[in-house]
Amino acid sequence: MSEKETKNNVQLNGLPASPGLAIGKAYVYQKEKLQIQNRHIINVEDAINELEEAIAKSKKELQKTLSLALEKIGESRAVIFEAQKMILEDQYLFDSVKRKIIKEQKSPELAVFEELSKYQDILKSSSEVYMQERALDIEDVKNRIIKNLQKKSWVSRFQSDVIVVSDSLSPADVVLLSRNHIKGFVIETGGLTSHVAIIARSLNLPAVLGTHDATSKITNEDLLVVDGFEGIVIINPSEDLLQKYREKEKKLSEFDNELSQLRNLPAKTLDGKEIILRANIDVLEELDYLIQNGGQGIGLLRTEQLFDLSEFPDEEEQHKLYKIIADKVFPEKVIIRAFDVGGDKFLPHGIKEKNPFLGWRGIKFLLDNRKIFKTQIKAILRANVNGNVKFMIPMVSGYSEVVATKEIIEECKRELESEGKPFGKTLPFGIMVEVPSTAVMAKEFAKEVDFLSIGTNDLIQFLLAVDRGNDIVSTYYQEFHPAVIRTLYHIIKLGKEGDAMVSMCGEMASDVKATPLLVGLGLDSLSVNPAHIPYIKKIIRNLEFSKAEQLANECLSCLTEKEIIDKIEKFFKENLLQISKQAL
Amino acid sequence: MIEAKVQIKNNAGLHTRPAATLVKIASKYKSEFYISKNGLNINGKSIIGVMTLAAEKGSELILKFEGDDEEEMAKEIIDYFNRGFDEL
């Protein structure tokens, strides 16, 4: 009998981190707390042999994880496992572990625990995020050796076709889990922009995150329904409910088949307005989804996600990768965004800021670190030999930042010229519009650049003064806040007056509910998660632009988010009912 | 015994790659090699020790070398620090 009661038909609510529907058995993935006993050693020699064996086994396991990571998430992200492997090879560390066993007659697991914990404690006392992460590396190595000493298997492979339920998952867990046929994820922590959310979306797996008590309510083998559209998890659903979801599942798979037929068709409205539909790319694996789903190139390449920025990659390394990506999407375009560090993203050098979202971010960091900036621009210019690369800078807040960047681009071109390296002479240049000051001055910016790309995540949080990562105020973070819609309208209108293409690459562009309104506001292009391309394309192809424009006009006079959402829902019912993937 | 004070010059600091290189260089020599930073003293031939220092740009370290080949060892290692771990 399990210590938990069996729950029937219980619903948990969380964040809809990755869309889709999964029905399957739960697998509760928990990092076991290790029990360390100071068992008496009978034979020192045996104890040392046990230790050697456990280290050798750990090395082998880690090597496997490392090669799997290389294959699944790429070299730059796999380096986190390098450090762990190096610790296992530390002669001095294990000499001191052995001394403990020999001199103090301690069991190997206790000796390993005590020696490795020493280093962990030093790191934990630091407030640097970077050092705390390293403490986690040591924790992983320590647990791995101890598990191997206790001859327990390191859980990484289990039944397939399960839904993984966990309190939190590390990147290593995600990599290991992804090689099984996982149906979906339910995780207690994490937000929409967390690593797990991004990976789940790119692997097209439904995920509900931020369900605070999932592991205490769900037991292994419970039947789960995971609704990644709504952020709902149902534990042991009633027969009726299960039936309802099974039907929905069937409809969805029919719908997916239908969508796949749209692959080579343009995203054009019934009355002939064409929208360029591109994809946001974080990891190389998503490129295949992009091509499979018929995206017209990449609207946002998040370069800070491609590399391990604890050491900024050199020009050659960057050039190589950008060129591969540009070639893969040719003749379609790729918009490469300069490193967007700071805020909730990793800031090198472990600098601590009181208010990182308003701190050393995006273009401000790049202009202050000119060498890093120039290295990247040169790599991008060189990747543009076939003319299908565009370049954009993040977090612009003032006109002079654009002028300075343009000068740097010219300087880079001159340097490449004199170095005799071939590059694409015409590099279309654009900016992210995600700071209110830039939205206000959109026309002047538009005259200075080739395109504007609206980043909704930051724009909304700055406009509404709401931290998007803060649960307490999350209801105030409103995508459809009337001021947000009016600001979008303003940016698009002024952008066009200033002769620039206007696109959107924020989370809002991937929200199917927003599609008719965004098209109606007059955006030229949307850049969305690769998995969303077919559905958004389908909506656009069933839309009349004139009606969408009318919807946008009506929304511009609304006073609350609710009014706008009501209008959108009404619009779907009247115009797009037959293609609503789920009740909106 | 040789004692020297060095400063971290590269932007990323003494991260994984230079830590590994440093240990590799030190391991070629017979002499003992210790690094201390703010009172924390670690064996410079131990990767976990060097990682634990997590010395960022601008931090000052004291290096100690002791043994038969301490001079050659000190020369090569101090030089590696001064080159900013070849990341300048």
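Not measured: the values here are computed from a predicted model. (Residues numbered from 1 in each chain as written. Chains lettered and ligands numbered in written order. Predicted model: local features only at pLDDT ≥ 70, side-chain atom pairs only at ≥ 80, totals over all residues. Heavy atoms only, no water.)

## Side note on the overall build of chain A
- In terms of helices and strands, chain A carries 24 helices and 16 strands.
- Counting all 584 residues of chain A, 55% fall into the buried class.
- Within chain A, counting contacts between residues at least 6 apart in sequence, those at least 24 apart form 69% of the total.
- In the form shown here, chain A has an accessible surface area of approximately 25700 Å², with 50% of it arising from carbon and sulfur atoms. (Helix = DSSP H or I, 4+ residues; strand = E, 2+ residues; numbered from the N terminus. Buried < 20%, exposed > 50% of the residue type's maximum accessible area, 1.4 Å probe, protein only. Contact = heavy atoms within 4.5 Å. Areas by Shrake-Rupley, 256 points an atom, 1.4 Å probe, with all protein chains shown as cover.)

## Here's the deal with helix H24 (residues 561–575) of chain A
All names here are of chain A.
- Look at H24: 21 Å from first C-alpha to last across 15 residues, which is about the 21 Å you get at 1.5 Å a residue.
- Among all positions in H24, only Glu-561, Ile-564, Ile-565, Ile-568, Phe-571, Phe-572 and Asn-575 are buried. Burial along H24 is one-sided: seen end-on, the buried residues are contained in an arc of 120°. Of the exposed residues in H24, those oriented more than 90 degrees away from the buried face are Lys-562, Lys-573 and Glu-574.
- Packed against the buried residues of H24 are helix H19 (482–497), helix H21 (515–521), helix H22 (533–541) and helix H23 (545–555). (Expected span 1.5 Å × (residues − 1). Arc of directions from axis to C-beta.)

## Some remarks on the pattern of salt bridges
Residue and element names in this part refer to chain A.
- Scanning all chains against the criterion turns up 38 salt bridges over all chains.
- A salt bridge links Glu-61 to Lys-57, with the shortest nitrogen-to-oxygen separation between them at 3.6 Å. Taken as a pair, Glu-61 and Lys-57 lie in helix H1 (residues 44–73) at a separation of four residues, close to a single helical turn.
- Using a relative accessible area of 19% as the deciding quantity, one classes Glu-61 as buried.
- Relative accessible area serves as the criterion here: at 44%, Lys-57 is assigned to the partly exposed category.
- Among the salt bridges present, the one from Glu-316 reaches Arg-382, with a minimum N-O distance of 3.0 Å. In this pair, Glu-316 sits in helix H12 (residues 315–329) while Arg-382 sits in helix H14 (residues 370–383), placing the two residues 66 residues apart along the sequence. (Salt bridge = Lys/Arg side-chain N within 4 Å of Asp/Glu carboxyl O.)

## A word on the packing of aromatic side chains
All names here are of chain A.
- Throughout the structure, instances matching the rule amount to eleven aromatic pairs over all chains.
- Geometrically, the ring pair formed by Phe-307 and Tyr-322 is edge-to-face, given 6.1 Å between the ring centres and 85° between the ring planes. Residue Phe-307 is located in the loop between helix H11 (303–306) and H12, and its partner Tyr-322 is located in helix H12; the two are separated by 15 residues in the primary sequence.
- According to the relative accessible area criterion, Tyr-322 is buried, its value standing at 0%.
- Their ring planes at 70° and their centres at 4.9 Å tell us that Trp-360 and Phe-365 sit as a pair that is edge-to-face. (Phe/Tyr/Trp six-rings, centres within 6.5 Å; stacked < 30°, edge-to-face > 60°.)

## Focus on the interface of chain A and chain B
- Contacts between the two partners involve 19 residues from chain A and, on the opposite side, 21 residues from chain B.
- Counting every contact that joins chain A to chain B gives zero salt bridges.
- The interface formed by chain A and chain B contains four residue pairs in polar contact (both at pLDDT 80 or more).
- Counting residues per element, the ones that place at least two in the side of chain A that touches chain B are helix H2 (75–88), helix H3 (91–104), helix H4 (108–124) and helix H5 (129–149) of chain A.
- Tallied by class, residues from the side of chain A that touches chain B come to twelve nonpolar, two polar and five charged. (Polar contact = N/O pair within 3.5 Å; in protein donor to acceptor, adjacent residues only side chain to side chain. Nonpolar A, V, L, I, M, F, W, Y, C, P; charged D, E, K, R; others polar.)

## Brief notes about the sheet that holds strand S1 (residues 2–7) of chain B
Residues and elements named next belong to chain B.
- Pairing is antiparallel in the open sheet, where four strands are placed in the order S1-S4-S2-S3. Two strands lie at the open edges of the sheet, namely S1 and strand S3 (40–43), each paired on one side alone. Neighbour-to-neighbour, the strand axes of the sheet open up by a mean angle of 25°, direction not taken into account.
- Where S1 and strand S4 (residues 60–66) come together, six bridges link them in antiparallel fashion. Across the sheet, the residue bridging to Ala-4 is Leu-63, located in S4. (Pairing = 2+ DSSP bridges. Axes fitted to C-alpha atoms, helices over the stretch in contact; angles between N-to-C directions.)

## Structural notes on helix H15 (residues 399–419) of chain A
Residue and element names in this part refer to chain A.
- A rise of 1.5 Å per residue sets the reference length of H15, with its 21 residues, at 30 Å; its end C-alpha atoms lie 31 Å apart and thus fit the reference within 8%.
- Among the residues of H15, Glu-401, Val-402, Thr-405, Ile-408, Ile-409, Cys-412, Lys-413 and Leu-416 are the ones counted as buried. One side of H15 holds all its buried residues, which, seen down the axis, span an arc of 145°. Of the residues in H15, the exposed ones pointing more than 90 degrees away from the buried face are Ser-400, Glu-407, Arg-414, Glu-417 and Ser-418.
- Looking at the buried positions of H15, the neighbouring elements they touch are H12, helix H13 (362–368), H14, strand S12 (389–393), strand S13 (429–433) and helix H17 (442–448).
- One or two steps after H15, the chain reaches Gly-420, where phi turns positive at roughly 70°.

## As for the environment of Arg-246 of chain A
- For Arg-246 of chain A, the position within the fold is in helix H9 (residues 239–260).
- In the structure, Arg-246 of chain A is positioned 225 residues away from Leu-21 of chain A in sequence and 9.5 Å away in space, judged by C-alpha atoms.

## Structural notes on the sheet that holds strand S1 (residues 10–13) of chain A
All names here are of chain A.
- Across the sheet, which stays open at both edges, the eight strands sit in the order S1-S8-S7-S3-S4-S5-S6-S2 with mixed pairing between neighbours. The open sheet has two free edges, formed respectively by S1 and strand S2 (15–18), since each of these has just one partner strand. On average, adjacent strands in this sheet sit at an angle of 30° to one another, irrespective of strand direction.
- Relative to strand S6 (residues 207–209), strand S5 (residues 182–187) runs parallel, the two being bridged by three bridges.

## Details of unusual backbone geometry
- Cis geometry is adopted by the peptide bond preceding Pro-331 of chain A, which originates at Phe-330 of chain A and carries an omega value of 5°.
- Within the secondary structure layout, Pro-331 of chain A lies in the loop between H12 and strand S11 (334–337).
- Unusually for a residue other than glycine, Phe-85 of chain B sits at a positive phi of about 55°.
- Locating Phe-85 of chain B in the fold gives a position in the segment after helix H3 (70–82).
- Phe-85 of chain B gets classed as buried once you look at its relative accessible area, which sits at 1%.
- One non-glycine residue with positive phi stands out, namely Asp-86 of chain B, at about 60°.
- With respect to the helices and strands, the residue Asp-86 of chain B is situated in the segment after H3.

## Some points on the packing of helix H1 (residues 16–27) of chain B against H3 of chain B
All names here are of chain B.
- Here H1 crosses H3 at 165°, and the two axes come no closer than 10 Å. Taken together, the axes of H1 and H3 lie roughly antiparallel to each other. Seen along the crossing, H1 lies across H3 with a hand that is right-handed. Where H1 approaches H3, its residues Arg-17, Pro-18, Thr-21, Leu-22, Ile-25 and Ala-26 are matched on the opposing element by Met-73, Glu-76, Ile-77, Tyr-80 and Phe-81.
- Per-class residue counts for the contact of H1 with H3 are eight nonpolar, one polar and two charged. (Parallel < 35°, antiparallel > 145°, perpendicular 65-115°, else oblique. Left-handed = near helix turned anticlockwise from the far one by under 90°.)

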